Amino acid sequence: MMITRKQVSRRTVLRGVGATLALPLLDAMTPAFTPLRLSAASPTRRLATVYVPNGIIMERWTPAAEGWDFDLPPTLAPLAPHRDDVLVLSGLVHRTAYPLPGEGAGDHARAAACYLTGVHPKKTEGADIRAGVSMDQIAARHVGSETQLASLELGCDPSYFLGACDAGYSCAYGNTLSWRTETTPLPVEINPRAVFERMFGDAEDTSAGARRRRIAEDRSILDALLADVRRLQGSLGAGDREKVTQYVDAVRDVERRIQRAERQTGRELPHFDKPAGIPDRYDDHVRMMFDLQVLAFQTDLTRVATFIMSREVSSRTYPELGIPDPHHPISHHQDDATKIEKLARINTFHVSLFAHFLDRLRATEDGDGSLLDQVLVSYGCGISDSNQHLHDNLPILVAGGGGGRLSGGRHLRFAPDTPMTNLLLTLLDKMDVPMDNLGDSTGRLRGLSELS
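Residues numbered from 1 in each chain as written. Predicted model: local features only at pLDDT ≥ 70, side-chain atom pairs only at ≥ 80, totals over all residues. Heavy atoms only, no water.

**Q** I'd like a rundown of the overall build of the chain, residues and numbers included.
**A** Helix and strand content of the chain: 12 helices and 13 strands. Here the analysis covers contacts within the chain between residues at least 6 apart in sequence; of these, 74% occur between residues at least 24 apart. Approximately 19200 Å² of the chain is accessible, and the part contributed by carbon and sulfur atoms is 52%. (Helix = DSSP H or I, 4+ residues; strand = E, 2+ residues; numbered from the N terminus. Contact = heavy atoms within 4.5 Å. Areas by Shrake-Rupley, 256 points an atom, 1.4 Å probe, with all protein chains shown as cover.)

**Q** Which residues make up the state of the cysteines, and what values go with them?
**A** Enumeration over the complete set of coordinates arrives at one disulfide. Note that Cys165 is cross-linked by a disulfide to Cys171, the S-S spacing being 1.9 Å. Between Cys165 and Cys171, the S-S dihedral sits near 90 degrees, and the bridge is therefore right-handed. You can call Cys165 partly exposed: its relative accessible area is 23%. By relative accessible area, Cys171 is classed as buried at 1%. (Disulfide = S-S within 2.5 Å. Buried < 20%, exposed > 50% of the residue type's maximum accessible area, 1.4 Å probe, protein only.)

**Q** How would you explain the pattern of salt bridges if you had to name every residue and give the values?
**A** Under the definition given, this model contains 25 salt bridges. For Arg130, the salt bridge goes to Glu182, with nearest N and O atoms at 2.6 Å. Taken together, the residues Arg130 in the loop between helix H2 (107-115) and helix H3 (135-143) and Glu182 in the loop between strand E6 (179-181) and strand E7 (184-185) connect sequence positions 52 residues apart. Its relative accessible area of 41% is what places Arg130 among the partly exposed residues. Judged by its relative accessible area of 40%, Glu182 is partly exposed. (Salt bridge = Lys/Arg side-chain N within 4 Å of Asp/Glu carboxyl O.)

**Q** Break down the packing of aromatic side chains for me, citing the residues and quoting the values.
**A** When we look at a pair of aromatic rings, we describe it by the centre distance and by the angle of the planes. Applying the stated criterion to the full structure yields 13 aromatic pairs. When the ring of Phe290 is compared with that of Phe357, the centres are 4.6 Å apart and the planes differ by 15 degrees; the resulting orientation is stacked. Note that Phe290 is positioned in helix H8 (residues 282-298) and Phe357 in helix H10 (residues 337-363), a separation of 67 residues in sequence. Just as Phe290 is buried, Phe357 falls in that class too. Between Tyr318 and Phe349 the ring centres are 6.0 Å apart and the planes differ by 85 degrees, which places this aromatic pair in the edge-to-face class. Here the residue Tyr318 occupies a position in the loop between strand E8 (304-308) and helix H9 (327-331), and Phe349 occupies one in helix H10, the gap between them amounting to 31 residues. Of the two residues examined, Tyr318 and Phe349, each falls in the buried class. In this structure an aromatic cluster arises from ring pairing among Trp61, Phe290, Phe307, Phe354, Phe357 and Tyr379. The ring centre of Phe70 lies 4.2 Å from the NZ or CZ of Arg83, which sits over that ring. Note that Arg410 overlies the ring of Trp68, its terminal NZ or CZ placed 5.1 Å from the centroid. (Phe/Tyr/Trp six-rings, centres within 6.5 Å; stacked < 30°, edge-to-face > 60°. Lys NZ or Arg CZ within 6 Å of the ring centre and 35° of its normal.)

**Q** Can you explain H2? Please cite residues and give values.
**A** A large share of H2 lies buried, amounting to nine of its nine residues. For H2, the set of buried residues is Asp107, His108, Ala109, Arg110, Ala111, Ala112, Ala113, Cys114 and Tyr115.

**Q** Run through the side chain of Ser370, naming residues and quoting values.
**A** Mapped onto the fold, Ser370 is located in strand E10 (residues 369-370). The exposure class of Ser370 is buried, given its relative accessible area of 4%.

**Q** Quick one: what's the story with H8, residue by residue and with numbers?
**A** The terminal C-alpha atoms of H8, which comprises 17 residues, lie 24 Å apart, in line with the 24 Å expected from a rise of 1.5 Å per residue. Counted residue by residue, H8 has 13 buried out of 17 residues, so it is predominantly covered. Within two residues after H8, Asp300 carries a phi angle of roughly 55 degrees, on the positive side. (Expected span 1.5 Å × (residues − 1).)

**Q** Could you give me a rundown of the nonpolar core, with the residues and numbers involved?
**A** Grouped together as the largest cluster of nonpolar side chains are 95 residues, with contacts concentrated most on Leu89, Met309, Phe354, Phe357, Leu361 and Leu423. Contacts of Met309, omitting those with residues within four sequence positions, involve Val50, Tyr51, Val52, Cys156, Tyr282, Val286, Phe290, His350, Leu353 and Tyr379. One finds Ala109, Tyr169, Ala172 and Tyr173 within the second-largest nonpolar core, a separate group that totals eight residues. (Core = buried A, V, L, I, M, F, W, Y, C linked by side-chain atoms within 4.5 Å.)

**Q** So, the side chain of Thr418: which residues are in play, and what are the values?
**A** Relative to the assigned elements, Thr418 resides in strand E13 (residues 410-419). Polar side-chain contacts of Thr418 include one of 2.6 Å to the backbone oxygen of Ala415. (Polar contact = N/O pair within 3.5 Å; in protein donor to acceptor, adjacent residues only side chain to side chain.)

**Q** Residues and numbers for the confidence of the model for the chain, please.
**A** Low-pLDDT portions of the prediction should not be read for the details of their coordinates. The predicted model of the chain has a mean per-residue pLDDT of 84, with 75% of residues at 70 or higher. Counting contacts from residues 1-41, a segment whose pLDDT is below 50, to residues more than four positions away or on other chains yields 81 contacts. (pLDDT = per-residue confidence, 0-100.)

Below you can see the structure in the form of structure tokens.
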């Protein structure tokens, strides 16, 4: 057998790699600026997941009464203006976050890795990480073709890529909640400026003129890219040509999204200036990331978002609360009253920032109501009692109206050992995403709306 192979110059390869790396940005440079004119019969639902780390002081989180007639406990007090929009869920468990025989510690990594997957992650510090496809990415596959971005993955803490972040587990497990495949975790973006640029390109604001200029630049880039690819194809073997054909298909998808945006540049958007970068204060950082999510939902740029307000084993301090101690060590309070009080204050602070998100969703018109009426938002942690690393009776909230499919203002307590994945499966149902099971799910949750 004679084998011949034409060499592609290094310069050509680098140009191709550069274009490939740029594709996710090109995919996001021009959003679908579709003003939402929805009727009650055809709502556009969005799915948001908000995560907080290192456990909760559950005695200050869990309402004493069940059903409609309950009082918000101290940690949830900032949600008082949205009491009727919120479901407090008790009794859910992530059994897949507990160690298998011989695994030992690593509860923080497992808590994050299985939070949206319901799959026990492989214990490894190497590149052979493995978990499961996350619920948000399942939803993104179903609705992502209708928007400029299939999903957003956001955070506030820097990601760590090397070594173990928690007892023999790769840092990849704690860096994100979102897994595109069993072996592909999606990185989070922590810089508001980078998030804005992913949504709107390098425009300075959301004005129509800036959008038109960006679209024209994107069109030129794609035309030049396709011309380069056509020249390259003539020098490749059959196997490589097939790979390039797949690449071109991806480029055509970007082109389709740009064409959609071109038809919509005359639509008016709320004015939003490009952020300068990461704010100095944590609370300002969180609020800006929430505001960007609201903008993404409002413009129908995406319908799926995840936000890690702080990562597991985070040692962030909270000087704005007068707490110079790192968060993670405080969470292992060993029943020390002073540490318990500090952790409870951090828990309440996080909830107050989440309330800002609900405020903004409520204040943003959408069809006959507000974005809050249409969105499905979950808030919680994969650990309940941080001192014991428990994954039972998880602290979980669900907020919003879900386009008429959620009914808030209640505390629902489910039977012990009810999988958290039953909630994830139920939320997918309410997004009209067909799914028979997820992780260790055993069925759907009843009671999240008045009709179920």
